[in-house]
Amino acid sequence: MENFHRRDDALPRDHEKITAASTASTHSRQEHADPRIQESADHVLNDATDLNRHDASKDAATGGSPSFETEMGTDPADVTDTKTEHVHLNSLEGMRTYICDSCGAEIIADPTTVSTRCGFCNNTFIATERLSETRVPDFIIPFALDKKAMQDAFVRATEGKYLLPPTFRRSHILQEATGAYVPYWFHDGSVSGTLHLRAQDVTTWTEGDYQCTQTFIFDVLREGSADFRAIPVCATSKLESERSEGVEPYDMADSREFSTAYLSGYAASTYDIEAIATQKRANERVTRTFEDLVRESVHGHQLVQVVEAHTHVEHANTWFALLPIWLIVVAYGGVNYPFAINGVTGEVVGEFPISTRRLWALRALWCLPLMLLAGVMAWIFI
(Lines give C-alpha, C1' and ligand atoms only; values in the text may rest on other atoms or scores of the structure.)
Protein backbone atom coordinates (compact mmCIF):
# COMPACT_ATOMS: atom_id res chain seq x y z
CA MET A 1 0.00 0.00 0.00
CA GLU A 2 1.07 3.57 -0.54
CA ASN A 3 0.76 6.01 2.37
CA PHE A 4 0.93 9.75 1.86
CA HIS A 5 0.89 12.00 4.95
CA ARG A 6 -0.03 15.66 4.46
CA ARG A 7 0.96 18.59 6.64
CA ASP A 8 -0.39 22.00 5.60
CA ASP A 9 1.34 24.51 7.85
CA ALA A 10 -1.17 27.26 7.08
CA LEU A 11 -4.14 25.01 7.92
CA PRO A 12 -5.17 23.01 11.01
CA ARG A 13 -2.54 20.35 11.64
CA ASP A 14 -4.74 17.32 11.20
CA HIS A 15 -3.25 14.45 9.28
CA GLU A 16 -4.90 12.92 6.25
CA LYS A 17 -3.98 9.43 5.12
CA ILE A 18 -4.43 8.73 1.47
CA THR A 19 -4.36 5.11 0.39
CA ALA A 20 -3.82 4.06 -3.17
CA ALA A 21 -3.49 0.66 -4.76
CA SER A 22 0.03 -0.43 -5.47
CA THR A 23 1.26 -2.93 -7.97
CA ALA A 24 2.07 -6.52 -7.26
CA SER A 25 5.01 -7.48 -5.07
CA THR A 26 8.41 -8.29 -6.43
CA HIS A 27 8.92 -11.52 -8.24
CA SER A 28 11.74 -13.78 -9.36
CA ARG A 29 12.81 -14.40 -12.91
CA GLN A 30 11.85 -18.09 -12.72
CA GLU A 31 8.28 -17.17 -11.79
CA HIS A 32 7.92 -15.17 -15.01
CA ALA A 33 8.29 -17.90 -17.62
CA ASP A 34 5.38 -16.57 -19.69
CA PRO A 35 5.18 -12.92 -18.59
CA ARG A 36 2.00 -10.92 -18.72
CA ILE A 37 3.45 -7.91 -17.05
CA GLN A 38 0.78 -5.46 -16.06
CA GLU A 39 1.40 -1.76 -16.61
CA SER A 40 2.25 -0.02 -13.35
CA ALA A 41 -0.08 2.47 -11.67
CA ASP A 42 2.24 5.34 -12.42
CA HIS A 43 1.66 4.98 -16.18
CA VAL A 44 5.29 5.61 -16.95
CA LEU A 45 4.74 3.89 -20.29
CA ASN A 46 2.45 6.76 -21.28
CA ASP A 47 5.25 9.35 -21.15
CA ALA A 48 6.02 11.29 -24.29
CA THR A 49 3.56 9.88 -26.81
CA ASP A 50 2.50 13.19 -28.37
CA LEU A 51 3.60 13.05 -32.01
CA ASN A 52 4.27 16.78 -32.25
CA ARG A 53 6.68 16.74 -29.33
CA HIS A 54 9.11 14.29 -30.76
CA ASP A 55 11.70 15.32 -33.34
CA ALA A 56 13.61 12.36 -34.79
CA SER A 57 17.21 13.32 -35.63
CA LYS A 58 18.05 13.67 -39.32
CA ASP A 59 21.38 12.11 -38.44
CA ALA A 60 19.56 8.76 -38.50
CA ALA A 61 19.12 9.00 -42.29
CA THR A 62 19.71 5.64 -43.86
CA GLY A 63 22.65 4.14 -45.61
CA GLY A 64 21.07 1.44 -47.81
CA SER A 65 22.57 -0.01 -50.96
CA PRO A 66 24.59 2.26 -53.28
CA SER A 67 22.89 3.37 -56.49
CA PHE A 68 24.59 3.42 -59.88
CA GLU A 69 23.77 5.60 -62.87
CA THR A 70 24.78 4.41 -66.37
CA GLU A 71 24.89 6.64 -69.44
CA MET A 72 24.24 4.67 -72.60
CA GLY A 73 26.17 5.33 -75.85
CA THR A 74 29.44 6.53 -74.33
CA ASP A 75 32.54 5.47 -76.23
CA PRO A 76 35.21 4.13 -73.86
CA ALA A 77 37.78 6.08 -75.89
CA ASP A 78 36.13 9.33 -74.82
CA VAL A 79 36.63 8.58 -71.16
CA THR A 80 39.43 10.79 -69.85
CA ASP A 81 39.10 10.13 -66.13
CA THR A 82 38.36 6.96 -64.22
CA LYS A 83 37.76 6.41 -60.52
CA THR A 84 38.18 3.19 -58.61
CA GLU A 85 36.63 2.84 -55.15
CA HIS A 86 38.17 0.51 -52.61
CA VAL A 87 36.60 -0.87 -49.45
CA HIS A 88 39.16 -0.75 -46.67
CA LEU A 89 39.37 -3.77 -44.46
CA ASN A 90 39.33 -1.44 -41.46
CA SER A 91 35.68 -0.69 -42.25
CA LEU A 92 34.87 -4.34 -41.49
CA GLU A 93 36.53 -4.33 -38.10
CA GLY A 94 34.17 -5.46 -35.36
CA MET A 95 31.81 -7.15 -37.85
CA ARG A 96 30.97 -10.84 -37.61
CA THR A 97 30.63 -13.51 -40.29
CA TYR A 98 27.70 -15.91 -40.25
CA ILE A 99 26.74 -18.77 -42.56
CA CYS A 100 23.22 -18.81 -44.01
CA ASP A 101 21.34 -21.95 -43.02
CA SER A 102 19.47 -22.03 -46.36
CA CYS A 103 22.09 -21.43 -49.07
CA GLY A 104 25.40 -21.53 -47.21
CA ALA A 105 26.41 -17.98 -48.19
CA GLU A 106 28.51 -15.81 -45.89
CA ILE A 107 26.66 -13.02 -44.12
CA ILE A 108 28.67 -10.12 -42.69
CA ALA A 109 26.69 -8.28 -40.03
CA ASP A 110 26.92 -6.13 -36.94
CA PRO A 111 27.93 -8.22 -33.89
CA THR A 112 24.60 -7.38 -32.19
CA THR A 113 22.59 -8.86 -35.09
CA VAL A 114 20.20 -11.64 -34.11
CA SER A 115 17.99 -11.81 -37.21
CA THR A 116 18.47 -10.50 -40.75
CA ARG A 117 17.78 -11.41 -44.39
CA CYS A 118 20.34 -13.24 -46.49
CA GLY A 119 21.34 -11.12 -49.47
CA PHE A 120 21.60 -14.21 -51.70
CA CYS A 121 18.49 -16.30 -51.02
CA ASN A 122 16.40 -13.62 -49.21
CA ASN A 123 15.54 -16.04 -46.40
CA THR A 124 15.57 -14.96 -42.77
CA PHE A 125 18.80 -15.86 -41.00
CA ILE A 126 18.68 -16.19 -37.20
CA ALA A 127 21.98 -16.12 -35.28
CA THR A 128 20.89 -18.30 -32.37
CA GLU A 129 24.46 -18.56 -31.09
CA ARG A 130 24.48 -14.79 -30.62
CA LEU A 131 21.57 -15.09 -28.19
CA SER A 132 23.36 -17.75 -26.20
CA GLU A 133 26.44 -15.51 -25.98
CA THR A 134 24.46 -12.64 -24.45
CA ARG A 135 21.05 -13.33 -22.94
CA VAL A 136 17.93 -14.95 -24.30
CA PRO A 137 14.99 -12.50 -24.12
CA ASP A 138 12.62 -13.12 -21.24
CA PHE A 139 9.68 -12.22 -23.48
CA ILE A 140 8.75 -10.71 -26.83
CA ILE A 141 5.84 -8.63 -28.12
CA PRO A 142 5.06 -9.83 -31.66
CA PHE A 143 4.30 -7.56 -34.60
CA ALA A 144 0.60 -6.85 -35.10
CA LEU A 145 0.98 -4.52 -38.11
CA ASP A 146 2.24 -5.75 -41.46
CA LYS A 147 3.79 -3.37 -43.97
CA LYS A 148 0.44 -2.31 -45.45
CA ALA A 149 -1.08 -1.60 -42.03
CA MET A 150 2.06 0.32 -41.07
CA GLN A 151 1.72 2.53 -44.16
CA ASP A 152 -1.93 3.19 -43.33
CA ALA A 153 -0.91 4.23 -39.81
CA PHE A 154 1.65 6.63 -41.27
CA VAL A 155 -0.96 8.24 -43.54
CA ARG A 156 -3.31 8.68 -40.56
CA ALA A 157 -0.52 10.40 -38.65
CA THR A 158 -0.32 13.10 -41.35
CA GLU A 159 -3.95 14.11 -40.84
CA GLY A 160 -4.65 17.37 -39.03
CA LYS A 161 -1.16 18.80 -39.49
CA TYR A 162 -1.71 22.32 -40.84
CA LEU A 163 1.98 23.03 -41.43
CA LEU A 164 2.50 19.89 -43.50
CA PRO A 165 3.06 20.69 -47.21
CA PRO A 166 -0.16 20.00 -49.17
CA THR A 167 1.70 17.77 -51.64
CA PHE A 168 3.39 15.60 -49.01
CA ARG A 169 0.62 12.99 -48.73
CA ARG A 170 0.64 12.17 -52.45
CA SER A 171 4.29 12.91 -53.29
CA HIS A 172 6.31 11.33 -50.49
CA ILE A 173 8.21 8.16 -51.32
CA LEU A 174 8.76 5.28 -48.91
CA GLN A 175 12.44 4.58 -49.50
CA GLU A 176 13.08 2.06 -46.77
CA ALA A 177 10.92 0.07 -44.38
CA THR A 178 12.39 -2.37 -41.89
CA GLY A 179 10.41 -4.27 -39.32
CA ALA A 180 12.80 -4.70 -36.42
CA TYR A 181 12.65 -6.26 -32.99
CA VAL A 182 14.44 -3.70 -30.82
CA PRO A 183 16.03 -4.73 -27.48
CA TYR A 184 14.74 -3.16 -24.26
CA TRP A 185 15.47 -3.58 -20.58
CA PHE A 186 12.44 -3.56 -18.25
CA HIS A 187 12.90 -2.57 -14.63
CA ASP A 188 10.89 -3.52 -11.51
CA GLY A 189 11.32 -2.04 -8.07
CA SER A 190 10.07 0.59 -5.63
CA VAL A 191 10.46 4.31 -5.04
CA SER A 192 10.03 6.32 -1.85
CA GLY A 193 10.61 9.89 -0.87
CA THR A 194 9.69 13.14 0.84
CA LEU A 195 8.44 16.12 -1.13
CA HIS A 196 8.10 19.75 -0.12
CA LEU A 197 5.36 21.37 -2.18
CA ARG A 198 3.86 24.84 -2.36
CA ALA A 199 0.14 25.32 -2.97
CA GLN A 200 -1.38 28.62 -4.02
CA ASP A 201 -4.88 30.09 -4.23
CA VAL A 202 -5.58 33.49 -5.80
CA THR A 203 -8.83 35.47 -5.49
CA THR A 204 -9.57 38.75 -7.29
CA TRP A 205 -12.45 41.19 -6.96
CA THR A 206 -13.31 44.82 -7.67
CA GLU A 207 -14.05 47.49 -5.08
CA GLY A 208 -14.96 50.77 -6.71
CA ASP A 209 -12.02 51.91 -8.80
CA TYR A 210 -9.72 49.29 -7.31
CA GLN A 211 -9.07 45.73 -8.37
CA CYS A 212 -8.10 43.63 -5.36
CA THR A 213 -6.07 40.43 -5.35
CA GLN A 214 -5.73 38.08 -2.39
CA THR A 215 -3.14 35.28 -2.49
CA PHE A 216 -2.93 32.37 -0.05
CA ILE A 217 0.26 30.28 -0.03
CA PHE A 218 0.50 26.92 1.74
CA ASP A 219 3.58 24.83 2.49
CA VAL A 220 2.77 21.14 2.07
CA LEU A 221 4.84 18.13 3.12
CA ARG A 222 4.27 14.69 1.61
CA GLU A 223 5.91 11.36 2.31
CA GLY A 224 5.14 8.30 0.25
CA SER A 225 6.26 5.15 -1.51
CA ALA A 226 5.15 3.17 -4.53
CA ASP A 227 6.06 0.00 -6.41
CA PHE A 228 6.74 0.07 -10.13
CA ARG A 229 6.88 -2.63 -12.76
CA ALA A 230 7.92 -2.87 -16.40
CA ILE A 231 9.66 0.47 -16.83
CA PRO A 232 11.21 0.24 -20.33
CA VAL A 233 14.56 1.63 -21.45
CA CYS A 234 15.98 0.99 -24.91
CA ALA A 235 19.01 -1.34 -24.85
CA THR A 236 20.63 -0.35 -28.14
CA SER A 237 22.69 2.71 -28.96
CA LYS A 238 21.54 2.57 -32.60
CA LEU A 239 18.13 4.12 -31.86
CA GLU A 240 17.91 7.51 -30.16
CA SER A 241 15.68 7.91 -27.12
CA GLU A 242 13.32 10.35 -28.86
CA ARG A 243 12.14 7.55 -31.12
CA SER A 244 12.59 4.55 -28.82
CA GLU A 245 10.51 6.20 -26.07
CA GLY A 246 8.24 8.06 -28.46
CA VAL A 247 6.66 4.88 -29.82
CA GLU A 248 5.49 3.86 -26.35
CA PRO A 249 3.31 2.66 -24.73
CA TYR A 250 3.23 -1.08 -25.29
CA ASP A 251 0.56 -3.23 -23.69
CA MET A 252 2.33 -5.89 -21.63
CA ALA A 253 -0.72 -8.14 -22.04
CA ASP A 254 0.54 -8.66 -25.62
CA SER A 255 3.81 -10.17 -24.39
CA ARG A 256 4.66 -13.76 -25.25
CA GLU A 257 7.31 -16.22 -24.17
CA PHE A 258 10.28 -15.74 -26.48
CA SER A 259 10.57 -17.99 -29.50
CA THR A 260 12.76 -17.57 -32.56
CA ALA A 261 9.69 -18.27 -34.71
CA TYR A 262 8.54 -14.70 -34.07
CA LEU A 263 11.74 -13.37 -35.73
CA SER A 264 10.96 -14.83 -39.15
CA GLY A 265 10.72 -12.06 -41.73
CA TYR A 266 12.02 -9.34 -39.41
CA ALA A 267 15.36 -7.91 -38.38
CA ALA A 268 16.41 -8.23 -34.76
CA SER A 269 19.40 -7.34 -32.65
CA THR A 270 20.52 -7.97 -29.11
CA TYR A 271 21.59 -5.30 -26.63
CA ASP A 272 24.80 -3.29 -26.73
CA ILE A 273 23.90 -1.36 -23.56
CA GLU A 274 24.12 -3.32 -20.32
CA ALA A 275 21.13 -3.35 -17.97
CA ILE A 276 22.94 -1.47 -15.20
CA ALA A 277 23.68 1.39 -17.62
CA THR A 278 19.94 1.89 -18.21
CA GLN A 279 19.05 2.21 -14.53
CA LYS A 280 19.73 5.95 -14.52
CA ARG A 281 17.14 6.60 -17.24
CA ALA A 282 14.66 4.27 -15.52
CA ASN A 283 15.18 6.16 -12.26
CA GLU A 284 14.50 9.48 -14.00
CA ARG A 285 11.21 8.23 -15.41
CA VAL A 286 10.12 6.65 -12.14
CA THR A 287 11.06 9.71 -10.08
CA ARG A 288 9.23 12.12 -12.38
CA THR A 289 6.08 10.02 -12.29
CA PHE A 290 6.29 9.56 -8.51
CA GLU A 291 6.55 13.33 -8.03
CA ASP A 292 3.51 13.81 -10.27
CA LEU A 293 1.52 11.28 -8.24
CA VAL A 294 2.43 12.98 -4.98
CA ARG A 295 1.66 16.44 -6.36
CA GLU A 296 -1.74 15.26 -7.61
CA SER A 297 -2.56 14.02 -4.10
CA VAL A 298 -2.74 17.66 -2.92
CA HIS A 299 -6.33 18.68 -3.63
CA GLY A 300 -8.34 21.87 -3.32
CA HIS A 301 -5.73 24.36 -4.57
CA GLN A 302 -5.44 26.28 -7.83
CA LEU A 303 -1.70 25.67 -8.22
CA VAL A 304 0.62 23.08 -6.68
CA GLN A 305 4.36 23.08 -7.35
CA VAL A 306 7.22 20.87 -6.16
CA VAL A 307 9.76 22.95 -4.25
CA GLU A 308 12.13 20.20 -3.15
CA ALA A 309 12.15 16.42 -3.48
CA HIS A 310 14.23 13.68 -1.86
CA THR A 311 13.59 10.31 -3.47
CA HIS A 312 15.21 6.89 -3.40
CA VAL A 313 14.77 4.13 -6.00
CA GLU A 314 15.33 0.44 -5.30
CA HIS A 315 15.62 -1.99 -8.22
CA ALA A 316 14.30 -5.51 -7.70
CA ASN A 317 14.30 -7.25 -11.09
CA THR A 318 15.41 -6.58 -14.65
CA TRP A 319 13.87 -8.18 -17.73
CA PHE A 320 15.22 -8.37 -21.27
CA ALA A 321 12.68 -8.15 -24.10
CA LEU A 322 12.32 -7.51 -27.82
CA LEU A 323 9.71 -4.95 -28.93
CA PRO A 324 8.37 -4.48 -32.49
CA ILE A 325 9.18 -1.21 -34.28
CA TRP A 326 8.91 -0.28 -37.94
CA LEU A 327 11.90 1.88 -38.94
CA ILE A 328 11.16 3.74 -42.16
CA VAL A 329 12.71 6.48 -44.28
CA VAL A 330 10.44 8.77 -46.28
CA ALA A 331 11.83 10.93 -49.10
CA TYR A 332 10.22 14.26 -49.95
CA GLY A 333 11.66 17.31 -51.67
CA GLY A 334 15.14 15.79 -51.84
CA VAL A 335 15.29 15.23 -48.06
CA ASN A 336 15.11 11.94 -46.17
CA TYR A 337 12.90 11.85 -43.06
CA PRO A 338 13.36 8.92 -40.64
CA PHE A 339 10.38 7.70 -38.60
CA ALA A 340 9.72 5.01 -36.02
CA ILE A 341 6.31 3.32 -35.83
CA ASN A 342 5.02 1.12 -33.04
CA GLY A 343 4.56 -2.35 -34.53
CA VAL A 344 1.38 -2.93 -32.52
CA THR A 345 -0.45 0.40 -32.06
CA GLY A 346 0.83 2.29 -35.12
CA GLU A 347 2.11 5.23 -33.04
CA VAL A 348 4.29 7.35 -35.36
CA VAL A 349 7.30 9.34 -34.18
CA GLY A 350 9.40 11.57 -36.39
CA GLU A 351 9.93 15.00 -37.85
CA PHE A 352 7.53 15.92 -40.65
CA PRO A 353 8.45 18.55 -43.25
CA ILE A 354 7.04 22.05 -42.74
CA SER A 355 5.48 24.23 -45.43
CA THR A 356 7.31 27.57 -45.40
CA ARG A 357 4.34 29.31 -47.01
CA ARG A 358 1.92 28.05 -44.37
CA LEU A 359 4.35 28.88 -41.59
CA TRP A 360 4.60 32.51 -42.72
CA ALA A 361 0.83 32.68 -43.11
CA LEU A 362 0.40 31.47 -39.53
CA ARG A 363 2.91 34.02 -38.27
CA ALA A 364 1.05 36.75 -40.13
CA LEU A 365 -2.20 35.74 -38.41
CA TRP A 366 -0.45 36.03 -35.07
CA CYS A 367 1.03 39.43 -35.87
CA LEU A 368 -2.13 40.95 -37.40
CA PRO A 369 -3.94 41.61 -34.08
CA LEU A 370 -0.80 43.23 -32.66
CA MET A 371 -0.45 45.46 -35.71
CA LEU A 372 -4.11 46.50 -35.46
CA LEU A 373 -3.72 47.23 -31.75
CA ALA A 374 -0.59 49.31 -32.40
CA GLY A 375 -2.44 51.27 -35.08
CA VAL A 376 -5.35 52.02 -32.77
CA MET A 377 -3.01 53.11 -29.97
CA ALA A 378 -1.13 55.38 -32.35
CA TRP A 379 -4.39 56.92 -33.63
CA ILE A 380 -5.59 57.64 -30.05
CA PHE A 381 -2.41 59.13 -28.61
CA ILE A 382 -0.97 60.96 -31.60
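The model shown is predicted, which means the values in this text are computed figures rather than measured ones.

Engineer: Even after reading the chapter, I still don't get the packing of aromatic side chains, so can you show me in this structure?
Structural biologist: Geometry of an aromatic ring pair is reported as the spacing of the ring centres plus the angle between the planes. The tally for this structure, following the rule as stated, stands at 15 aromatic pairs. An angle of 70° between the planes, with centres 5.7 Å apart, marks the rings of Phe143 and Trp326 as edge-to-face. Of this pair, Phe143 sits in the loop between strand E7 (139-140) and helix H2 (147-157) while Trp326 sits in strand E11 (residues 303-332), and the two are 183 residues apart along the sequence. Across the pair, Trp326 and Phe143 agree in class, each one buried. Among the aromatic residues, ring-to-ring pairing joins Phe154, Phe168, Tyr332, Phe339 and Phe352 into one connected group.

Engineer: Is there a simple way to think about the pairing of E11 in this case?
Structural biologist: For a regular strand, side-chain orientation follows a simple rule: the groups alternate between the two sheet faces. Bridging between E7 and E11 involves 2 bridges; their strand directions are parallel. Bridge pairing links Phe139 to Ala321 in E11. Strand direction decides the pairing type here: strand E8 (residues 173-207) and E11, joined by 27 bridges, are antiparallel. Within E11, the position partnered with Ser190 by the bridge is Glu314. Alignment of E11 against strand E12 (residues 335-342), held across 8 bridges, turns out to be antiparallel. Following the sheet pairing, Trp326 is matched in E12 by Ile341.

Engineer: How should the nonpolar core be read in this particular structure?
Structural biologist: As a rule of thumb, soluble globular proteins bury nonpolar side chains together. Core analysis: the biggest nonpolar cluster contains 28 residues, and Phe154, Leu263, Ile328, Phe339 and Phe352 have the highest contact counts within it. The biggest single contributor to this core is E11, with 6 residues. Non-local contacts of Phe339, meaning those with residues more than four positions away in its chain, are made with Phe154, Arg243, Trp326, Leu327, Ile328, Val330, Val348, Val349, Gly350, Glu351 and Phe352. Core analysis: the next-biggest nonpolar cluster, separate from the first, contains 18 residues, Phe139, Ala230, Cys234 and Ala321 among them.

Engineer: Would you mind showing me how to read the pattern of salt bridges here?
Structural biologist: Oppositely charged side chains may form a pair once their charged atoms are brought near each other. Tallied over the entire structure, the rule returns 9 salt bridges. Between Arg243 and Glu240 there is a salt bridge; the shortest N-O distance is 2.7 Å. Note on accessibility: Arg243 and Glu240 belong to one class, buried. For Arg285, the salt bridge is made with Glu248, and the minimal N-O distance between the two is 2.7 Å. Highlighted residues: Arg285 in helix H5 (residues 279-296) and Glu248 in the loop between helix H4 (241-246) and strand E10 (267-269), separated in sequence by 37 residues. With respect to class, Arg285 is no different from Glu248; both count as buried. Connected through shared salt-bridge partners, Glu245, Arg281 and Glu284 make up one network.

Definitions and limits used
Residues numbered from 1 in each chain as written. Predicted model: local features only at pLDDT ≥ 70, side-chain atom pairs only at ≥ 80, totals over all residues. Heavy atoms only, no water. Phe/Tyr/Trp six-rings, centres within 6.5 Å; stacked < 30°, edge-to-face > 60°. Helix = DSSP H or I, 4+ residues; strand = E, 2+ residues; numbered from the N terminus. Buried < 20%, exposed > 50% of the residue type's maximum accessible area, 1.4 Å probe, protein only. Pairing = 2+ DSSP bridges. Core = buried A, V, L, I, M, F, W, Y, C linked by side-chain atoms within 4.5 Å. Contact = heavy atoms within 4.5 Å. Salt bridge = Lys/Arg side-chain N within 4 Å of Asp/Glu carboxyl O.

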